[in-house]
Amino acid sequence: DGGITQSPKYLFRKEGQNVTLSCEQNLNHDAMYWYRQDPGQGLRLIYYSQIVNDFQKGDIAEGYSVSREKKESFPLTVTSAQKNPTAFYLCASGGFDSTSTDTQYFGPGTRLTVL
Amino acid sequence: AQKVTQAQTEISVVEKEDVTLDCVYETRDTTYYLFWYKQPPSGELVFLIRRNSFDEQNEISGRYSWNFQKSTSSFNFTITASQVVDSAVYFCALSPAAYNFNKFYFGSGTKLNVKP
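Residues numbered from 1 in each chain as written. Chains lettered and ligands numbered in written order. Predicted model: local features only at pLDDT ≥ 70, side-chain atom pairs only at ≥ 80, totals over all residues. Heavy atoms only, no water.

## Quick word on the state of the cysteines
Convention followed: Throughout, a disulfide means two cysteine sulfur atoms within 2.5 Å of one another. Going along the chain from the N terminus, every DSSP run of H or I of four or more residues is numbered as a helix, and every run of E of two or more is numbered as a strand. The buried label goes to any residue with under 20% of its type's maximum accessible area, the exposed label to any with over 50%, and the partly exposed label to all in between, with areas taken from a 1.4 Å probe on protein chains only.
What the rule picks out here adds up to two disulfides over all chains. For C23 of chain A, the disulfide goes to C91 of chain A, at an S-S distance of 1.9 Å. Between C23 of chain A and C91 of chain A the sulfur-sulfur dihedral comes to about -75°; the bridge is accordingly left-handed. Remark: C91 of chain A occurs in strand β9 (residues 87-94) and C23 of chain A occurs in strand β3 (residues 19-25); sequence separation between them is 68 residues. A relative accessible area of 0% places C91 of chain A in the buried class. Shown here is the disulfide that connects C23 of chain B with C92 of chain B, its sulfur atoms set 1.9 Å apart. Taking the sign of the S-S torsion, -65° for the link of C23 of chain B and C92 of chain B, the bridge is left-handed. You can see C23 of chain B sitting in the loop between β3 (19-21) and β4 (24-26) and its partner C92 of chain B sitting in strand β10 (residues 88-96), a full 69 residues away along the chain. The class of C92 of chain B is buried, set by a relative accessible area of 0%.

In structure tokens form, the structure reads like this:
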């Protein structure tokens, strides 16, 4: 099945720790995105990548880092510099194929809680 | 400025009622895309529809229908004969084509509660 997977589903972090959230897609999409969702709010863009080995900051990149070494993978690291990391994190991918130009497809999300 | 407003924070209906979720957008771009996504309690955003700015035809898919009106900058979503499984948060999003990447502007979402 084609789709986007995120792991883990739930993640607990102690203050001062870095944690990495995994995102993998097998949709052959060039672009990948990370969003943060806080309760009762919309989605805010953290980072995005349009091609391998290239990525750009979104609207709320401070305290986060990413890498894009493979087309299929776009891991997000939440660093200790992120002051309020408790949130729901969603990964998305998007392509420019003939049927879904500009559409973003989302993974199931990772819920991060700081203890 | 790019902005999406979903003024209805939460709506409650009884099963089989029709319900309309409002979406108003702001953009100066002439070419743009509008989207609706459904977020059930599990959390994953499920893509429902994409509409480009040159296509103002309304669309119907089963119990779902969408009304796109450029004159009022609205892209409203109607669920006919609602069911309990329709309970979710629904997001409207705007993607201007002028950007060099596919930036989405999301509304804050409307939580729909369908009661049996």
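## Some points on the sheet that holds strand β7 (residues 64-66) of chain A
Two orientations exist for strands paired in a sheet by backbone hydrogen bonds: parallel and antiparallel. Residue and element names in this part refer to chain A. Here is the rule: By definition, two strands form a pair when at least two bridges between them are found by DSSP. Here the axes come from fitting lines to C-alpha atoms, over the contacting stretch only for helices, and the angles between their N-to-C directions go from 0 to 180 degrees.
On the basis of which strands lie adjacent, the open sheet formed by four strands has the order β1-β3-β8-β7 and antiparallel pairing. If you trace the sheet from one side to the other, it starts and ends with β1 (4-7) and β7, each paired once. Strand-to-strand twist across the sheet, computed as the mean angle between neighbouring axes with direction ignored, equals 20°. Looking at chain direction, β1 and β3 are connected through four bridges and run antiparallel. Paired with Q6 across the strands is C23, a residue of β3.

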